[in-house]
Amino acid sequence: MGDYVVVLEAPIIVRDVETSEDAINVAVSKVAKALNKEKLDFVRVEIGYSQCPVCGAHFESAFVIGSVGLVGMYLTIKVYNAQTVEHAERIAKAVIGKALKKVPLKVYEIRELTEEDEGDGVELGE
(Lines give C-alpha, C1' and ligand atoms only; values in the text may rest on other atoms or scores of the structure.)
Protein backbone atom coordinates (compact mmCIF):
# COMPACT_ATOMS: atom_id res chain seq x y z
CA MET A 1 0.00 0.00 0.00
CA GLY A 2 1.29 3.44 -0.90
CA ASP A 3 0.45 7.06 -0.32
CA TYR A 4 0.41 9.41 -3.32
CA VAL A 5 -0.15 13.00 -4.36
CA VAL A 6 -2.25 13.06 -7.53
CA VAL A 7 -2.54 16.20 -9.65
CA LEU A 8 -5.34 16.20 -12.23
CA GLU A 9 -5.87 18.67 -15.07
CA ALA A 10 -9.39 19.91 -15.70
CA PRO A 11 -10.70 22.22 -18.43
CA ILE A 12 -13.40 24.50 -17.03
CA ILE A 13 -15.75 26.37 -19.38
CA VAL A 14 -17.28 29.61 -18.13
CA ARG A 15 -19.77 31.89 -19.83
CA ASP A 16 -20.47 35.63 -19.84
CA VAL A 17 -16.91 36.75 -19.10
CA GLU A 18 -15.01 39.59 -20.72
CA THR A 19 -11.39 39.07 -19.64
CA SER A 20 -9.16 36.15 -18.74
CA GLU A 21 -9.07 37.41 -15.13
CA ASP A 22 -12.88 37.25 -15.02
CA ALA A 23 -12.75 33.74 -16.47
CA ILE A 24 -10.23 32.63 -13.83
CA ASN A 25 -12.28 34.09 -10.97
CA VAL A 26 -15.51 32.50 -12.18
CA ALA A 27 -13.82 29.13 -12.83
CA VAL A 28 -12.18 29.00 -9.40
CA SER A 29 -15.48 29.91 -7.77
CA LYS A 30 -17.36 27.31 -9.80
CA VAL A 31 -14.90 24.51 -8.97
CA ALA A 32 -14.63 25.45 -5.29
CA LYS A 33 -18.41 25.51 -4.95
CA ALA A 34 -18.73 22.05 -6.56
CA LEU A 35 -15.97 20.59 -4.36
CA ASN A 36 -17.37 22.13 -1.17
CA LYS A 37 -20.83 20.77 -1.99
CA GLU A 38 -19.34 17.25 -1.89
CA LYS A 39 -17.27 18.11 1.24
CA LEU A 40 -14.00 17.93 -0.72
CA ASP A 41 -12.48 21.07 0.73
CA PHE A 42 -9.14 19.24 1.05
CA VAL A 43 -8.64 19.29 -2.74
CA ARG A 44 -6.22 22.06 -3.70
CA VAL A 45 -7.31 24.14 -6.71
CA GLU A 46 -4.75 26.00 -8.82
CA ILE A 47 -4.75 27.73 -12.19
CA GLY A 48 -2.96 25.80 -14.90
CA TYR A 49 -0.09 27.16 -16.93
CA SER A 50 0.65 26.89 -20.63
CA GLN A 51 3.89 27.46 -22.46
CA CYS A 52 4.23 29.75 -25.46
CA PRO A 53 5.41 27.66 -28.42
CA VAL A 54 7.45 30.59 -29.79
CA CYS A 55 9.23 32.13 -26.81
CA GLY A 56 8.78 29.42 -24.19
CA ALA A 57 7.33 31.79 -21.58
CA HIS A 58 4.68 30.43 -19.20
CA PHE A 59 1.28 32.09 -18.81
CA GLU A 60 -1.99 31.31 -17.06
CA SER A 61 -4.18 28.90 -19.02
CA ALA A 62 -7.18 31.13 -19.47
CA PHE A 63 -8.60 32.01 -22.87
CA VAL A 64 -11.67 34.09 -23.69
CA ILE A 65 -13.38 34.13 -27.06
CA GLY A 66 -16.80 35.72 -27.56
CA SER A 67 -17.65 35.95 -23.84
CA VAL A 68 -16.86 32.25 -23.31
CA GLY A 69 -13.77 31.31 -21.35
CA LEU A 70 -11.75 28.15 -21.08
CA VAL A 71 -9.62 27.86 -17.95
CA GLY A 72 -7.13 25.08 -17.33
CA MET A 73 -6.97 24.06 -13.68
CA TYR A 74 -4.89 21.72 -11.55
CA LEU A 75 -6.67 19.78 -8.81
CA THR A 76 -4.37 18.19 -6.23
CA ILE A 77 -5.48 15.42 -3.88
CA LYS A 78 -3.63 13.10 -1.51
CA VAL A 79 -4.56 9.43 -1.74
CA TYR A 80 -3.61 7.09 1.10
CA ASN A 81 -3.30 3.28 1.08
CA ALA A 82 -3.54 2.86 -2.70
CA GLN A 83 -2.33 -0.48 -4.02
CA THR A 84 -0.58 0.97 -7.09
CA VAL A 85 -0.06 4.25 -8.93
CA GLU A 86 -2.93 3.33 -11.25
CA HIS A 87 -5.14 2.63 -8.26
CA ALA A 88 -4.32 6.08 -6.82
CA GLU A 89 -5.24 7.61 -10.20
CA ARG A 90 -8.60 5.83 -10.26
CA ILE A 91 -9.38 6.88 -6.69
CA ALA A 92 -8.52 10.54 -7.40
CA LYS A 93 -10.59 10.61 -10.58
CA ALA A 94 -13.56 8.96 -8.84
CA VAL A 95 -13.50 11.31 -5.84
CA ILE A 96 -13.04 14.54 -7.81
CA GLY A 97 -15.22 13.32 -10.69
CA LYS A 98 -18.12 12.93 -8.26
CA ALA A 99 -18.07 16.69 -7.71
CA LEU A 100 -17.14 17.77 -11.24
CA LYS A 101 -19.53 15.74 -13.33
CA LYS A 102 -19.04 16.01 -17.10
CA VAL A 103 -15.55 17.56 -16.69
CA PRO A 104 -12.83 15.44 -18.29
CA LEU A 105 -9.99 14.81 -15.84
CA LYS A 106 -6.49 13.95 -17.01
CA VAL A 107 -3.52 13.01 -14.84
CA TYR A 108 -0.88 15.71 -14.83
CA GLU A 109 1.38 14.20 -12.15
CA ILE A 110 1.45 11.40 -9.61
CA ARG A 111 4.18 11.17 -7.01
CA GLU A 112 4.70 9.34 -3.76
CA LEU A 113 3.73 11.24 -0.65
CA THR A 114 6.68 12.65 1.28
CA GLU A 115 6.94 14.00 4.82
CA GLU A 116 6.59 17.53 3.39
CA ASP A 117 3.14 16.67 2.04
CA GLU A 118 0.98 16.71 5.15
CA GLY A 119 -2.72 17.26 5.64
CA ASP A 120 -6.05 15.86 4.54
CA GLY A 121 -6.63 13.41 1.75
CA VAL A 122 -8.59 10.31 0.86
CA GLU A 123 -7.89 7.05 2.65
CA LEU A 124 -9.02 3.74 1.28
CA GLY A 125 -10.28 1.63 4.18
CA GLU A 126 -9.96 -2.12 4.25
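As a reminder, the structure under discussion sits directly above these lines.
The structure reproduced in this document is the subject of the present report. (Residues numbered from 1 in each chain as written. Predicted model: local features only at pLDDT ≥ 70, side-chain atom pairs only at ≥ 80, totals over all residues. Heavy atoms only, no water.)

### Regarding the overall build of the protein chain
Part 1: Helix and strand counts for the protein chain come out as two helices and eight strands.
Part 2: Ordering the α and β elements of the protein chain from the N terminus gives β-α-β-β-β-β-β-α-β-β.
Part 3: In terms of principal-axis extent, the alpha carbons of the protein chain reach across some 50 × 35 × 25 Å.
Part 4: Counting only residues that meet the buried cut, the protein chain has 37% of its 126 residues in that class.
Part 5: Within the protein chain, counting contacts between residues at least 6 apart in sequence, those at least 24 apart form 76% of the total. (Helix = DSSP H or I, 4+ residues; strand = E, 2+ residues; numbered from the N terminus. Buried < 20%, exposed > 50% of the residue type's maximum accessible area, 1.4 Å probe, protein only. Contact = heavy atoms within 4.5 Å.)

### So, the state of the cysteines
Part 1: Going through the model one piece at a time under the given rule, you end up with zero disulfides.
Part 2: The thiol of Cys 52 is unpaired, and the distance to the nearest cysteine sulfur, on Cys 55, comes to 3.5 Å.
Part 3: Residue class for Cys 55 comes out exposed when judged on its relative accessible area of 57%. (Disulfide = S-S within 2.5 Å.)

### A look at a nonpolar patch on the surface
Part 1: On the surface, Ile 13, Phe 59, Phe 63, Val 68 and Leu 70 cluster together into a nonpolar patch covering about 400 Å² of accessible area.
Part 2: Looking at the secondary structure, you find Val 68 in strand E6 (residues 68-82). (Patch = residues over 30% accessible without salt bridge, like charges linked within 9 Å, V, L, I, M, F, W, Y side chains within 5 Å. Areas by Shrake-Rupley, 256 points an atom, 1.4 Å probe, with all protein chains shown as cover. Salt bridge = Lys/Arg side-chain N within 4 Å of Asp/Glu carboxyl O.)

### Observations concerning the nonpolar core
Part 1: If you look at the biggest cluster of nonpolar residues, it comprises 31 residues, and the most contacted ones within it are Val 6, Val 71, Leu 75, Ile 77, Val 79 and Ile 96.
Part 2: Of all the secondary structure elements, the ones that give two or more residues to this core are strand E1 (2-15), helix H1 (20-37), E6 and helix H2 (85-99). (Core = buried A, V, L, I, M, F, W, Y, C linked by side-chain atoms within 4.5 Å.)

### A word on the environment of Pro 53
Part 1: Turning to its location among the elements, Pro 53 is positioned in the loop between strand E3 (49-51) and strand E4 (58-60).
Part 2: Residue Pro 53 is classed as exposed on the basis of its relative accessible area of 80%.
Part 3: With 23 residues separating them along the chain, Pro 53 and Thr 76 place their C-alpha atoms 26 Å apart.

### Some remarks on the packing of aromatic side chains
For any pair of aromatic rings, the description consists of the separation of the ring centres together with the inter-plane angle of the planes.
Part 1: Counted according to the given criterion, the structure contains two aromatic pairs.
Part 2: The interplanar angle of 85° and the centroid separation of 6.1 Å between the aromatic rings of Phe 59 and Phe 63 together place this pair among those described as edge-to-face.
Part 3: Judged by relative accessible area, which is 33%, Phe 59 ranks as partly exposed.
Part 4: Seen from their ring centres, Tyr 74 and Tyr 108 are 4.5 Å apart, and the 35° between their planes marks the pair as tilted. With Tyr 74 in strand E6 and Tyr 108 in strand E7 (residues 106-112), the pair connects residues that are 34 residues apart, well separated along the chain.
Part 5: The class for Tyr 74 is buried, based on a relative accessible area of 12%.
Part 6: Overall, the relative accessible area of 46% leaves Tyr 108 in the partly exposed class. (Phe/Tyr/Trp six-rings, centres within 6.5 Å; stacked < 30°, edge-to-face > 60°.)

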